[in-house]
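# Coordinates in review
Single-letter residue listing:
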Amino acid sequence: IPMDTEGRYYVLSKLPMAQCFFCGLAGPETILMLNLKGKHRRFKTDEKRTFCGRLRLNADNLYELNYNLDEATLFD
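Residues numbered from 1 in each chain as written. Predicted model: local features only at pLDDT ≥ 70, side-chain atom pairs only at ≥ 80, totals over all residues. Heavy atoms only, no water.

Let us look at the environment of I31. Examined against the element boundaries, I31 turns out to sit in strand β2 (residues 31–36). For the pair I31 and K14, spaced 17 residues apart in the sequence, the C-alpha separation amounts to 6.2 Å. (Helix = DSSP H or I, 4+ residues; strand = E, 2+ residues; numbered from the N terminus.)

Bringing the sheet that holds strand β4 (residues 67–74) into the picture now. Read from one edge of the open sheet, four strands run β1-β2-β4-β3, paired in mixed fashion. The strands lining the two open edges of the sheet, one partner per strand, are β1 (9–13) and β3 (51–57). Sheet twist, expressed as the mean angle between neighbouring strand axes with direction ignored, is 30 degrees. By the bridge criterion, three bridges tie β2 to β4 in an arrangement that is parallel. Among the inter-strand pairings, L34 is bridged to a residue of β4, identified as L69. (Pairing = 2+ DSSP bridges. Axes fitted to C-alpha atoms, helices over the stretch in contact; angles between N-to-C directions.)

A cluster of nonpolar side chains, contributed by L55, L57 and Y67, occupies part of the molecular surface with about 310 Å² of accessible area. Within the element layout of this structure, L55 appears in strand β3. (Patch = residues over 30% accessible without salt bridge, like charges linked within 9 Å, V, L, I, M, F, W, Y side chains within 5 Å. Areas by Shrake-Rupley, 256 points an atom, 1.4 Å probe, with all protein chains shown as cover. Salt bridge = Lys/Arg side-chain N within 4 Å of Asp/Glu carboxyl O.)

This brings us to the nonpolar core. With eight residues, the main nonpolar core is built from Y10, L32, L34, L36, F43, F51, L69 and A72. For this core, the secondary-structure elements that each account for two or more residues are β2 and β4. Counting residues per element, this core draws most heavily on β2, at three residues. (Core = buried A, V, L, I, M, F, W, Y, C linked by side-chain atoms within 4.5 Å. Buried < 20%, exposed > 50% of the residue type's maximum accessible area, 1.4 Å probe, protein only.)

Set out below in structure tokens:
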């Protein structure tokens, strides 16, 4: 799910959109904030992709998700 107009921030869900944390009954442990590094094309909502980056756990900032993948790049 894109979270900004530039397409740099996305929320990835372990579950399909109908069951994700925002739309369904899943918990916050099923989603991850993807902070992309550099320029890239815009991804579709249900597109399956693999990313690599630095995992950062969040326990204090209420404006971020519990799991964040910083400096993420597309892994082909």
